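Chain by chain, the residues run as shown.
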Amino acid sequence: MLYKNLELSVDLDSRIALIGPNGAGKTTLLKLMLGELTPTTGEVRKHTHLRIGKYDQHSTDQLNTELTPLEFMASSFPDVTPAPPPLSLSFCKVTERNAVNNLRHRTA
């Protein structure tokens, strides 16, 4: 059993990172939160507007490193109209300077 009597609350505007040694239950907790695993006892309740984004060590295999972050997002979400650059860049914590660099420069 990894978790016993765990109560966790995350606000809708929170940004969190799960950090810990191998085998501590980080992936299990994330999968429970994402609904990819069902708890053996207890329940997982999520706000209807909760959005969970996941980036792990294997995510870079899916990136086209020839694209800039803005090009990558535009190709991943073609139906979304981007906000004006200052808002969209600051929301993603990407500066205008590094938004035009290829992703390859960040993953090396």
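The structure we're discussing is the one just above.
Chemist: What's the story with the overall build of the protein chain in this structure? I'm lost.
Modeler: Within the protein chain, the regular secondary structure consists of five helices and zero strands. Helices (α) and strands (β) of the protein chain occur, in sequence order from the N terminus, as α-α-α-α-α. Relative to its full complement of 108 residues, the protein chain shows a buried share of 12%. Across the protein chain, the fraction of contacts at a sequence separation of at least 24, relative to all contacts at a separation of at least 6, is 47%. On the protein chain, roughly 9500 Å² of surface is accessible, and the fraction owed to carbon and sulfur atoms is 53%.

Chemist: What is the right way to read unusual backbone geometry from this model?
Modeler: Negative phi values dominate among residues other than glycine, just as trans dominates among peptide bonds. Phi at Asn 5 takes a positive value of approximately 55°, unusual for a residue other than glycine. Position of Asn 5 among the secondary structure elements: in the segment before helix 1 (26-34). Take Asn 5: its relative accessible area is 76%, and that puts it in the exposed class.

Chemist: Before we go on, may I ask you to explain the pattern of salt bridges in this structure?
Modeler: Pairs can form between side chains of opposite charge whenever their charged atoms are close. In total, this model carries one salt bridge according to the counting rule given. A salt bridge links Glu 43 to Arg 45; its shortest N-O distance comes to 3.9 Å. Each member of the pair Glu 43 and Arg 45 is classed as exposed.

Chemist: Is there a simple way to think about the layout of surface pockets in this case?
Modeler: If a probe the size of a water molecule is rolled over the atoms, the empty space left behind becomes visible. Its volume calculated, the second largest pocket comes out at about 1000 Å³. Lining the second largest pocket are 28 residues, with Leu 6, Leu 8, Leu 29, Glu 43 and Val 44 positioned closest to its centre. Looking at the lining of the second largest pocket residue by residue, the class counts come to 14 nonpolar, eight polar and six charged.

Chemist: How should I be thinking about a nonpolar patch on the surface in this particular structure?
Modeler: A surface patch of nonpolar side chains, amounting to about 430 Å² of accessible area, comprises Leu 6, Leu 8, Val 10, Ile 16 and Leu 18. Structurally, the position occupied by Leu 8 is in the segment before helix 1.

Chemist: Any chance you could explain the environment of Thr 40 here in plain terms?
Modeler: Within the secondary structure, Thr 40 sits in the loop between helix 1 and helix 2 (69-76). Thr 40 sits 39 residues away from Met 1 along the chain, and the two C-alpha atoms are 9.4 Å apart.

Rules behind the numbers
Residues numbered from 1 in each chain as written. Predicted model: local features only at pLDDT ≥ 70, side-chain atom pairs only at ≥ 80, totals over all residues. Heavy atoms only, no water. Helix = DSSP H or I, 4+ residues; strand = E, 2+ residues; numbered from the N terminus. Buried < 20%, exposed > 50% of the residue type's maximum accessible area, 1.4 Å probe, protein only. Contact = heavy atoms within 4.5 Å. Areas by Shrake-Rupley, 256 points an atom, 1.4 Å probe, with all protein chains shown as cover. Salt bridge = Lys/Arg side-chain N within 4 Å of Asp/Glu carboxyl O. 1 Å grid on protein atoms, 1.4 Å probe; cavity = no way out; pocket = protein on both sides within 12 Å on 5 of 7 lines; lining within 4 Å. Points joined across faces, edges and corners; volume = space filled by probe spheres on them. Nonpolar A, V, L, I, M, F, W, Y, C, P; charged D, E, K, R; others polar. Patch = residues over 30% accessible without salt bridge, like charges linked within 9 Å, V, L, I, M, F, W, Y side chains within 5 Å.

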